[in-house]
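Understanding the architecture of this molecule
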Amino acid sequence: IKMYFFVIVFAAVYWIIYGNWIGGCLMASLFLILIYSISRCKKEEKQLKFKVNVQERIITQGDMIKITPEISGIHPWKDDYIFEVEYEMESKFHGTKIKNRQKVRWNQETKDVFFTERPKECDSLIMNVISVSWEDLTGIYKVKKQLNQKIRILVMPHAYELGAMNEKFQRMDSKEQGFEYDGVRKYREGDRLSRIHWNLYAASRDLWVRKSEDEMEENIKIGISFQNVARDRISDYFSVFYTISLFYTDLGIYQEIYYGNHRFLLKHTEQYEELFTDIFEQGMSEISADVSDLQMVMMDDKIEDIQKYLYDMEL
């Protein structure tokens, strides 16, 4: 009733001023639609529940992050809603923040709605969803709803297969089949004769000695440093480290990883998530000179193809 009354009054005023009753009705209807559309948008702003989900929170650099909105609380009064999502990608390792906007089309019958990000560098990222906005029916009014949702995403470096090294170890294993290999190592100058494994010597004609208790727990010490690595090659450097470290892990060799003032004891592949998260969150500094027997991960900065570099390193 109020709407009809508004149209009649507005049309009457328009007819008195311009002498056009039909024009008055049309103008009044347009204003009425605009007012209704704006009021509905404001109501939707209070009712809308908007949340984003990430299908995989651990990915490899260069892979796509698939981000799926979860929308409820409103009922479409037109065919589709076009939501514009504003978010910020914060890099914990590189210390950068990049704002971005992406549009998604949604209605209640839509099942697969998503937008994507594709990180080019390994990092620990925080996706901060800032706001979502959409327009009313007329396209004149735009409403924005503030959000405060944070999602952590770990971007792992690439790891490559060290095929040549695996073949070498397989050949070694085939030669040593039948030997009591566990708990022994090759003879070194200075080892006591009483520790020589004479049965293995008779079988292989190589000198082997029984490991001491301390040697059984000995780890490889690996150091990570960016001292001679260019800023745009850091992800390549991490790929070199990750490939080498995975190779040791697959062989069952424990590693002490040193980066800055930190030491991480790596025993299982499940620990890489924790290791890289800690590196990216804590940052890097120079390693203490007090660490002995440290094997530093090196990378020739002139190498363009990391996979070829690792293959040449194997040879």
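Parameters and conventions
Every chain is numbered independently, its residues counted from 1 as its sequence is written. At least 70 in pLDDT is required for a residue's local features to be given in this predicted model, at least 80 for side-chain atom pairs to be given and counted, and no such filter applies to totals for whole chains, interfaces and linings, which use all residues. Side-chain metrics in this entry use all non-hydrogen atoms of the structure; hydrogen atoms and water are not considered. Strand pairing requires that DSSP identify at least two bridges connecting the strands. A run of DSSP states H or I qualifies as a helix once it reaches four residues; a run of E qualifies as a strand once it reaches two. Both are numbered from the N-terminal end. A fitted line through C-alpha atoms represents every axis, and for helices the fit uses only the stretch in contact; the resulting angles, taken between N-to-C directions, go from 0 to 180 degrees. We define a salt bridge as a side-chain nitrogen of Lys or Arg found within 4 Å of a carboxyl oxygen belonging to Asp or Glu. The rule is simple: take the accessible area with a 1.4 Å probe, protein chains only, and divide by the maximum for that residue type; under 20% is buried, over 50% is exposed, in between is partly exposed. This arc is taken over the directions from the axis of the helix to the C-beta atoms. Every residue pair with non-hydrogen atoms within 4.5 Å of one another is taken to be in contact. Stacked, tilted and edge-to-face are the three classes assigned to paired rings of Phe, Tyr and Trp, where Trp is represented by its six-membered ring and a pair needs centres within 6.5 Å; plane angles under 30 degrees give stacked, over 60 edge-to-face, the rest tilted. Each ring is checked for a lysine NZ or an arginine CZ that lies within 6 Å of its centre and within 35 degrees of its normal; such an atom marks a charge sitting over the ring. To qualify as a nonpolar core, a set must consist of buried Ala, Val, Leu, Ile, Met, Phe, Trp, Tyr and Cys residues joined through side-chain atoms within 4.5 Å. In this tally, Asp and Glu contribute negative charge and Lys and Arg positive charge; neither His nor the terminal groups of the chain are included. Any N or O atom pair separated by 3.5 Å or less is treated as a polar contact, with the protein-specific requirement of one donor-capable and one acceptor-capable atom, and with residues adjacent in sequence counted only for side-chain atom pairs.

**Overview of the sheet that holds strand E1 (residues 49–54)**
On the basis of which strands lie adjacent, the open sheet formed by 3 strands has the order E1-E3-E6 and antiparallel pairing. The sheet is open, and its two edges are formed by E1 and strand E6 (115–117), each paired on a single side. Within this sheet the neighbouring strands show an average axis-to-axis angle of 30°, counted without direction. As judged from the 6 bridges shared by E1 and strand E3 (residues 65–72), these two strands associate in the antiparallel manner. Looking across to E3, one finds that Lys 49 is bridged to Ser 72.

**Details of the pattern of salt bridges**
Applying the stated criterion across every chain yields a total of 10 salt bridges. Connected through salt bridges with shared partners, the residues Glu 84, Glu 86, Arg 101, Lys 142 and Lys 144 form a single ionic network.

**Section: helix H7 (residues 272–282)**
Among all positions in H7, only Tyr 272, Leu 275, Phe 276, Ile 279 and Phe 280 are buried. Seen end-on, H7 carries its buried residues on one side only, within an arc spanning 120°. Elements that come into contact with the buried residues of H7 comprise strand E7 (123–135), strand E8 (142–156), helix H6 (234–250), strand E12 (255–259) and strand E13 (262–266).

**A look at the pairing of strand E4 (residues 81–91)**
With respect to burial, E4 is a largely interior element, 10 of its 11 residues being buried. Bridge analysis of E4 against strand E5 (residues 97–106) gives 10 bridges, and the strand direction is antiparallel. Bridge pairing in E5 places Met 89 opposite Ile 98. Here E4 folds back onto E5 in antiparallel fashion, the turn holding 5 residues, of which Gly 95 has a positive phi close to 70°. Here E4 pairs with E7 via 8 bridges, running antiparallel. Within E7, the residue paired with Glu 88 across the bridge is Asn 128.

**Observations regarding the packing of aromatic side chains**
As enumerated under the stated definition, the model contains 19 aromatic pairs in all. Site record: aromatic cluster; members linked through ring pairs are Phe 93, Phe 226, Tyr 237, Phe 238, Phe 241, Tyr 242, Tyr 272, Phe 276 and Phe 280. The residue whose ring lies beneath Lys 66 is Phe 114, and the NZ or CZ to ring-centre distance is 4.1 Å.

**Section: the side chain of Asn 128**
With respect to the secondary-structure elements, Asn 128 resides in strand E7. A residue is classified by how much of its surface remains accessible, and Asn 128, at 17% relative accessible area, is buried. Residues contacting Asn 128, with those up to four places away along its chain left out, are Glu 86, Tyr 87, Glu 88, Asn 148, Gln 149 and Lys 150.

**Details of the nonpolar core**
Counting 34 residues, the largest nonpolar core has Ile 224, Phe 238, Ile 257, Phe 276 and Ile 279 as the members making the most contacts within it. Contributing elements (two or more residues each) for this core: E8, strand E11 (220–223), H6, E12, E13, H7 and helix H8 (306–314). Counting residues per element, this core draws most heavily on H6, at 10 residues. Those residues in contact with Ile 224 that sit more than four places away from it in its chain are Tyr 237, Phe 238, Phe 241, Ile 257, Tyr 258, Tyr 259, Ile 279, Met 284, Ile 287 and Met 296. Phe 83, Leu 125, Trp 134 and Ile 153 belong to the second-largest nonpolar core, a separate cluster that totals 29 residues.

**Brief notes about the sheet that holds E7**
In space, the 5 strands of this open sheet follow the order E2-E8-E7-E4-E5, with mixed pairing throughout. Where the open sheet ends on each side, the last strands, each with one partner, are strand E2 (58–60) and E5. Ignoring strand direction, the axes of neighbouring strands in this sheet form an average angle of 35°. Sitting on the sheet, H7 touches E2, E7 and E8, and the angle it makes with E8 is about 115°.

**A short note on the side chain of Lys 221**
Along the chain, the position of Lys 221 falls in strand E11. Among buried Asp, Glu, Lys and Arg side chains, Lys 221 stands out as unpaired, with Glu 256 the closest opposite charge at 4.9 Å. From its side chain, Lys 221 meets the backbone oxygen of Ser 292 in a polar contact 3.4 Å long. Ignoring any residue separated from it by four or fewer positions in sequence, one finds Lys 221 in contact with Glu 256, Tyr 258, Val 291, Ser 292, Asp 293, Leu 294 and Gln 295.

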